[in-house]
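If you want the building blocks of each chain, they are given just below.
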Amino acid sequence: MHVNGDLNYKEALTKSLIFLEAQRSGKLPSNNRVPWRGDSGLDDGKLANVDLVGGYYDAGDNVKYGLPMAFTVTTLSWAAMFYKSEFKAANELENIRDAIKWGTDYFLKASSRHKRLYVEVGDPEEDHHCWAPPEKMKTKRRVLKIDSNSPGTEIAAETSAAMAASSIVFRSVDRKYARRLLNKAKLLFQLAKSHKGTYDGECPFYCSYSGYNDEMMWAATWLYLATRKSMYLKYVQEESISASVSEFSWDLKYAGAQILLTQLHFEGQKNLETFKSHAESFICSVLPNSPYHQINLSPGGFIHLRDGANTQYATGTSFLLSVYSDLLAKHNDKITCGDKKFDSSHLLSFAKKQMDYILGKNPEGRSYMVGFGKNPPKQAHHRGASVPTLPDHEEVNCPLSFVKWFLKDEANPHELTGAIVGGPDRHDKFNDKRWDSPKTEPCTYVNSLAAGALAKLASLG
């Protein structure tokens, strides 16, 4: 199935979820679709006497960071819920559920101790001094946690959001499992709320620059959607602090929460007008022909906010606009930006343009998804993909690993199928070199945000 003649969104969707399997840590299941990946991190958590085997590596390294992992799971869950019939039609509903469950199984372990959440496994400094695939890593697997003495409101709230959102996804498949997730979500929200404090243990890699108000509002919104208990909506309306923003990312969730609350507003929920106006402000700041447009677009029309995993801002915007477009269509509404009105098709066409750019319709005429389309990246900045499968007895020599594999100017021996890389610079220029990590490193949350938009586009064919 080719949509508009040349882009196969269904293939892109399938591959975007295969990439998440390449990021799995722990003991891989027999239905693993990435032949060159093996078991890894089987002793994770041992240093703290807790089982932390499983979960996801966030990008091209071998560290498990709680904040981006949770955001990956929350956004996959939203996509699986909102576009359930579209995923089903593309035969990907089971795969996206599996991707979510790989994260939630890990979070159940990470939150198994009372009023405590384990938030990171691995030592980023050490890890960055060794270019080894996860199966061969020798770096220290230190464990970081948050609790009442060392708070981490952002991570507790984001993990709560992930558990609440995923509980809705699993409710129709496994009620008992869904209940466990929801119970954890409630406890984590309590932890986040009663011990407020920004967590900087993941700095400089995942510092929350935006603070924790957005995560608190996002978690409370998901908890309301999962429980329909008025206390969570009351928290959103009376205690949360909202703000107008122009991006949606692993660090900044306001726009996502505002669009969920707008959906509730459309469904008749009272006193959510403020959030609807903030959601509209997000859309108006993004649309190129809106009088309030404020985000940077490259000459080729691609969202460019900052170097380094920049594609997340495009996939995130694409997903949110696609969802909002569906809400406008369903409720026969338009969005007003100053003296202009935009309908649902206008929003969808901008969302499509961003995804099309990633998949090949760009000034470089190339795809930014590995293994998809024309001239895709061959040198993704990724330890597992760039090191050939080594014999069992062969150890990795860390100092030599960079010369041996990282700096080798040739295609990765393994295809990191479906990975959306960091992408081109603000002038649409791309450099397919492993060492240019802002351009060639993929991240789980770039793909989790792309999945919903791709499911929607695949359904239009």
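Refer to the preceding data block for the structure.
Read on for an overview of the structure. (Residues numbered from 1 in each chain as written. Predicted model: local features only at pLDDT ≥ 70, side-chain atom pairs only at ≥ 80, totals over all residues. Heavy atoms only, no water.)

## Examining the environment of D432
Inference 1: Mapped onto the elements, D432 comes out in the loop between helix 15 (398–406) and helix 16 (437–440).
Inference 2: Given a relative accessible area of 15%, D432 falls into the buried group.
Inference 3: The contacts of D432, once residues within four sequence positions are left out, are R366, P376, P377, K378, Q379 and T440.
Inference 4: Within the structure, the side chain of D432 is placed 2.7 Å from the backbone nitrogen of K378, a separation counted as a polar contact.
Inference 5: Within the local environment of D432, its side chain forms a polar contact with the backbone nitrogen of Q379, the two atoms lying 3.2 Å apart. (Helix = DSSP H or I, 4+ residues; strand = E, 2+ residues; numbered from the N terminus. Buried < 20%, exposed > 50% of the residue type's maximum accessible area, 1.4 Å probe, protein only. Contact = heavy atoms within 4.5 Å. Polar contact = N/O pair within 3.5 Å; in protein donor to acceptor, adjacent residues only side chain to side chain.)

## Description of a nonpolar patch on the surface
Inference 1: A cluster of nonpolar side chains, V403, L407 and W435, forms an exposed patch at the surface whose accessible area comes to about 300 Å².
Inference 2: In this structure, L407 sits in the loop between helix 15 and helix 16.
Inference 3: For L407, a relative accessible area of 46% translates into the label partly exposed. (Patch = residues over 30% accessible without salt bridge, like charges linked within 9 Å, V, L, I, M, F, W, Y side chains within 5 Å. Areas by Shrake-Rupley, 256 points an atom, 1.4 Å probe, with all protein chains shown as cover. Salt bridge = Lys/Arg side-chain N within 4 Å of Asp/Glu carboxyl O.)

## A few points about the packing of aromatic side chains
Inference 1: Under the criterion given, the structure shown has 20 aromatic pairs.
Inference 2: Seen in terms of ring centroids, F170 and Y177 are 5.3 Å apart; in terms of plane orientation they differ by 85°. Their pairing is edge-to-face.
Inference 3: Under the relative-accessibility criterion, F170 is labelled buried at 5%.
Inference 4: We classify Y177 as buried; its relative accessible area is 7%. (Phe/Tyr/Trp six-rings, centres within 6.5 Å; stacked < 30°, edge-to-face > 60°.)

## Section: the nonpolar core
Inference 1: Membership of the largest hydrophobic core comes to 146 residues, with the highest contact counts inside it found for W78, I96 and I259.
Inference 2: Aside from chain neighbours lying at most four places away, what touches I259 is W78, A279, F282, I283, L320, V323, Y324 and L327.
Inference 3: In this structure, C130, W131, A132 and L390 belong to the second largest nonpolar core, which totals 9 residues. (Core = buried A, V, L, I, M, F, W, Y, C linked by side-chain atoms within 4.5 Å.)

## Some thoughts on helix 17 (residues 444–459)
Inference 1: Over its 16 residues, helix 17 runs 23 Å from end to end, which matches the ideal 22 Å to within 8%, given 1.5 Å per residue.
Inference 2: A bend of about 30° at A451 is the largest found in helix 17.
Inference 3: With 15 of 16 residues buried, helix 17 is to be regarded as a mostly interior element. (Expected span 1.5 Å × (residues − 1). Bend = angle between axes of the 7 residues up to and from the residue.)

## Some details on the sheet that holds strand 2 (residues 116–121)
Inference 1: In spatial order, the strands read 1-2-3; together these 3 strands make up an open sheet with antiparallel pairing. Across the chains shown, the open sheet's two edge strands, defined by having one partner strand only, are strand 1 (64–65) and strand 3 (143–147).
Inference 2: Bridge count between strand 1 and strand 2: 2 bridges; the pairing is antiparallel. Among the inter-strand pairings, K64 is bridged to a residue of strand 2, identified as V121. (Pairing = 2+ DSSP bridges.)

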